[in-house]
Amino acid sequence: MDTQLKASQDTIISLFAALRTPRDVAKLLEVPYGLLIYHLHKTPPSTRYISFAIRKRAGGERIISAPGTALKILQIKLNYVLKTVYRPNSCIYGFIVNGGIVKNASVHANRRLVFNLDLKDFFPSIHFGRVKGMFSSPPYNCPSEVSTVLAQICCLPKTYPSLAPYAQLPQGAPTSPIVSNMVCSSLDSQLLRLAKKYKCSYSRYADDITFSTNLPRFHEAILVESQAEEGRISVTAGSELKAIISSNTFRINENKVRLQRAMQRQSVTGLTTNKFPNPPRRLIRQIRAILHAWTKYGYENAQNEFRSRYFNRTRNPNKMAPELKHVLHGKINYVGMVRGQTDPLYLSYLKQLKALAPELIIRQVIDVMDALWVLESDGAYAQGTGFSLKGYGIVTCYHVLRARTKLFKANTPAKKYNIEVIIQDQELDIAVLATDGPQGPELLLEEGERPRQDDWILLTGYPSYSAHATGVVRRGRVTGYYQFFGTERMLIDTPIVYGNSGGPVLNQSNKVVGIAAKGPVSLNDAQKTEKFEVIPISILRRLAPPAPTAQ
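Keep in mind that what you see is a predicted model, and the values were worked out from it rather than measured.

Visitor: Please provide a residue-by-residue account of the overall build of the chain, values included.
Guide: Within the chain, the secondary structure is distributed over 18 helices and 22 strands. The C-alpha atoms of the chain give 26 Å as radius of gyration, which agrees with the globular expectation for 551 residues (24 Å, within 12%). Sorting the 551 residues of the chain into buried and exposed places 50% on the buried side. Residue pairs at least 24 apart in sequence account for 64% of intrachain contacts in the chain once pairs closer than 6 positions are excluded. Carbon together with sulfur atoms contributes 51% to the accessible area of the chain, which is approximately 27,000 Å² in total. The positive charge centre, built from 70 side chains, and the negative charge centre, built from 42, are 5 Å apart in the chain.

Visitor: Now, about the sheet that holds strand β14 (residues 405-408): what can you tell me, with residues and values included?
Guide: Consider a sheet: its strands pair through backbone hydrogen bonds, and that pairing is either parallel or antiparallel. Ordered by their spatial adjacency, six strands build an open sheet running β14-β11-β12-β13-β16-β15, and the pairing between neighbours is antiparallel. Because the sheet does not close on itself, it has two edges, and the strands there are β14 and β15 (419-425). The average angle at which neighbouring strand axes cross in this sheet is 30°, direction not considered. Looking at chain direction, strand β12 (residues 382-389) and strand β13 (residues 393-396) are connected through three bridges and run antiparallel. Counterpart to S388 in the pairing with β13 is I394.

Visitor: Before we move on, can you summarise unusual backbone geometry with the specific residues and values?
Guide: Residue P138 is joined to P139 through a cis peptide bond whose omega torsion reads 5°. Non-glycine residue K199 carries a positive phi angle of around 55°. Locating K199 in the fold gives a position in the loop between α10 (185-197) and β4 (201-205). Positive phi, close to 45°, is recorded for T269, a residue that is not glycine. You can see T269 is positioned in the loop between β9 (267-268) and β10 (271-272).

Visitor: Break down the environment of A382 for me, citing the residues and quoting the values.
Guide: Take A382: it is sitting in strand β12. In the structure, A382 is positioned 279 residues away from K103 in sequence and 33 Å away in space, judged by C-alpha atoms. For A382, the contacting residues outside a window of four places in its chain are L375, E376, S377, V400, R402 and Y498.

Visitor: If you had to explain the nonpolar core to someone new, which residues and values would you point to?
Guide: In terms of nonpolar packing, the biggest core is built from 74 residues, with F16, F115, F211, I222 and L241 touching the most fellow members. No other element matches the seven residues that helix α5 (residues 69-85) contributes to this core. Lining this core are residues from two domains, each supplying at least three of them: domain 1 (9-85 + 127-168) and domain 2 (88-125 + 179-274). Every residue in contact with I222, bar those within four places of it in the chain, is listed here: F115, L194, Y198, C200, F211, T236, A237, G238 and L241. Formed by 39 residues, the second largest nonpolar core is a distinct cluster that contains V374, L428, L445 and A517.

Visitor: Residues and numbers for the sheet that holds strand β3 (residues 113-119), please.
Guide: Strands sit in the order β4-β5-β3-β8 across an open sheet of four strands; the sheet is antiparallel. The sheet is open, and its two borders are formed by β4 and β8 (252-261), each paired with just one other strand. Strand-to-strand twist across the sheet, computed as the mean angle between neighbouring axes with direction ignored, equals 15°. Bridge count between β3 and β8: seven bridges; the pairing is antiparallel.

Visitor: Which residues make up the domain arrangement of the chain, and what values do they have?
Guide: Examined at the domain level, the chain breaks down into domain 1 (9-85 + 127-168), domain 2 (88-125 + 179-274), domain 3 (281-359) and domain 4 (367-543). Between the C-alpha centres of domain 1 and domain 4 the distance comes to 39 Å. Between domain 1 and domain 4, the residue contacts involve four residues of the former and five residues of the latter. A buried area of about 430 Å², summed over both sides, lies between domain 1 and domain 4, and 31% of it is on carbon and sulfur atoms.

Visitor: Just give me the short version of the environment of L444, but keep the residues and values in it.
Guide: With respect to the element layout, L444 can be found in the loop between β16 (430-435) and β17 (456-461). Sequence-wise, L444 and V513 are 69 residues apart; in three dimensions their C-alpha atoms are separated by 9.4 Å.

Visitor: An account of the packing of α10 against helix α11 (residues 239-247) is needed here, citing residue identities and associated values.
Guide: Interaxial distance between α10 and α11 falls to 10 Å at its minimum, and their mutual angle equals 170°. As far as their axial angle goes, α11 and α10 are roughly antiparallel. On α11, the residues touching L187, Q190, L191, L194 and K197 of α10 are E240, L241, I244, I245 and S247.

Visitor: So what's going on with the packing of aromatic side chains? Residues and values would help.
Guide: By the definition in use, this model includes twelve aromatic pairs. Each ring, one from F16 and one from Y140, has its centre 6.2 Å from the other, and the planes form 85°; the classification is edge-to-face. Remark: Y140 occurs in the loop between α7 (128-136) and α8 (144-154) and F16 occurs in helix α1 (residues 9-17); sequence separation between them is 124 residues. Of the two residues examined, F16 and Y140, each falls in the buried class. Ring centres of F115 and F211 lie 6.4 Å apart, and the angle between their planes is 25°; on these two criteria the pair is classed as stacked. Remark: F211 occurs in strand β5 (residues 208-213) and F115 occurs in strand β3; sequence separation between them is 96 residues.

Visitor: Please set out a positive patch on the surface residue by residue, giving values where relevant.
Guide: Residues R57, R258, R265, R281, R282, R285 and R288 make up a contiguous surface patch of positive charge. No other element matches the four residues that helix α12 (residues 281-297) contributes to the positive patch. Within the secondary structure layout, R265 lies in the loop between β8 and β9.

Visitor: How would you explain the pattern of salt bridges if you had to name every residue and give the values?
Guide: When charged atoms on two side chains of opposite charge get close, those side chains can pair. One pass over the structure, following the stated rule, counts eleven salt bridges. Between R204 and D188 there is a salt bridge, with the nearest N and O atoms lying 2.8 Å from each other. Linking R204 in strand β4 with D188 in helix α10, this pair joins segments that are 16 residues apart in sequence. According to the relative accessible area criterion, R204 is buried, its value standing at 0%. Salt bridges sharing common partners tie together R489, K518 and E533.

How each quantity is defined
- Residues numbered from 1 in each chain as written.
- Predicted model: local features only at pLDDT ≥ 70, side-chain atom pairs only at ≥ 80, totals over all residues.
- Heavy atoms only, no water.
- Helix = DSSP H or I, 4+ residues; strand = E, 2+ residues; numbered from the N terminus.
- Rg over C-alpha atoms; globule rule 2.2 N^0.38 Å.
- Buried < 20%, exposed > 50% of the residue type's maximum accessible area, 1.4 Å probe, protein only.
- Contact = heavy atoms within 4.5 Å.
- Areas by Shrake-Rupley, 256 points an atom, 1.4 Å probe, with all protein chains shown as cover.
- Lys, Arg positive; Asp, Glu negative; His and termini not counted.
- Charge placed at Lys NZ, Arg CZ, Asp CG, Glu CD.
- Pairing = 2+ DSSP bridges.
- Axes fitted to C-alpha atoms, helices over the stretch in contact; angles between N-to-C directions.
- Core = buried A, V, L, I, M, F, W, Y, C linked by side-chain atoms within 4.5 Å.
- Domains from an automatic or database assignment.
- Buried area = accessible area lost by both parts, 1.4 Å probe.
- Parallel < 35°, antiparallel > 145°, perpendicular 65-115°, else oblique.
- Phe/Tyr/Trp six-rings, centres within 6.5 Å; stacked < 30°, edge-to-face > 60°.
- Patch = residues over 30% accessible without salt bridge, like charges linked within 9 Å, V, L, I, M, F, W, Y side chains within 5 Å.
- Salt bridge = Lys/Arg side-chain N within 4 Å of Asp/Glu carboxyl O.

Structure, rendered in structure tokens:
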């Protein structure tokens, strides 16, 4: 079975609204009806999932139930469908396209008081009956037969060995995150109204609930402070907050209720938020220490020290310890995700890592920006971005070209170079150029599968360029695809503004997956639309195959 659906998002929305029978579900998921029924009813329940335990940091175990291959494919397809039809509340930042820990933390940055609590046994408390009821209720209104099949795809089988309640939402299934958000829609709406009523902000990231305010104290409906032993202050959820959570059949984890004041470190989803979202200091110190140890004592000694001091005992003891260089690379990329891809600290760490392990940094931002060009016309004024692509030349959008367009490097705007148009297609909005300017780094074309919905991307370019501007690198996600005059366009959640047209869109391997094509004139106007269009790079491949390169 193929994991990707061939139908467009508009078609998926129409098919979901028209679901009446289990056969319609099979049609929606693009699988034979007999195959759907076989995997839901004929295969032994004990073989549909593989369950194993991982240790929690705070003690105890978390049970992970990973679906078998065939069921996982069904869940991947249904996950895409649900993300297409689901419209999340503005307070949700977990498991959604335009979310993430940074945006969640931003809601509560620079606040006087921050109040965190966790929901206990979040996924296990969402069982078959709740999932079926959610699909049967507005706004989905699925018939009972359809709701049953959808819930069977999402939940553990009733006879599967698990803790009560049985037939719960499995941790490890692709559908569980989006289904949990859909089930929590009523909870989120009620908590959002509660927050507005008492002049504070609310957000939820999975089971992590946060309120914040600039008032001297939270209203007692949300939080109650009382004197505890040894002069300590005890914090508990307020009566209205408890009632809302209880009425939605969730429970508060009393061990994870905390109030953070401005004079102490405030943390939301792992990020420090006293001024702005920032990685915790311990992570920065750890990165600095690893780089220092590697540089001074060599890789083997640094790795041995890392494993003895930092290798967490909560990891699965049967798994092989990770390589230090990959751990360090991941930590540095985390800093870049939080602080931004052009942040000086992130780029400094990246440069140090590249000096130590150049093979690890295939194409990072410091190389990508060197492959970009600014295109500008002094006649009918127009501006755009271009990029050197291996096997082609300089790639950009057709609509940024004028009769007197020239190109230059952003750091040397006085040195302008002539262009020659090699390939152009006005309808596809693609142009490939040659230049009499110097040759430089070339980006690599992604020849594998196209990005899927929710995949991370990087948008680079020179929006509203002025002399010696450094350009921008914006991280975002793919939100979907649609047909543009018979040609497919990719949609992303990252603003494409004037001057960025023609810039490359990169995947996590920093290979080109698209060309930035369309968006608003300015960042201020970006808030008025969510339609930021990208030309898939596969269209350029179909228009003209890359020139062979010397081996």
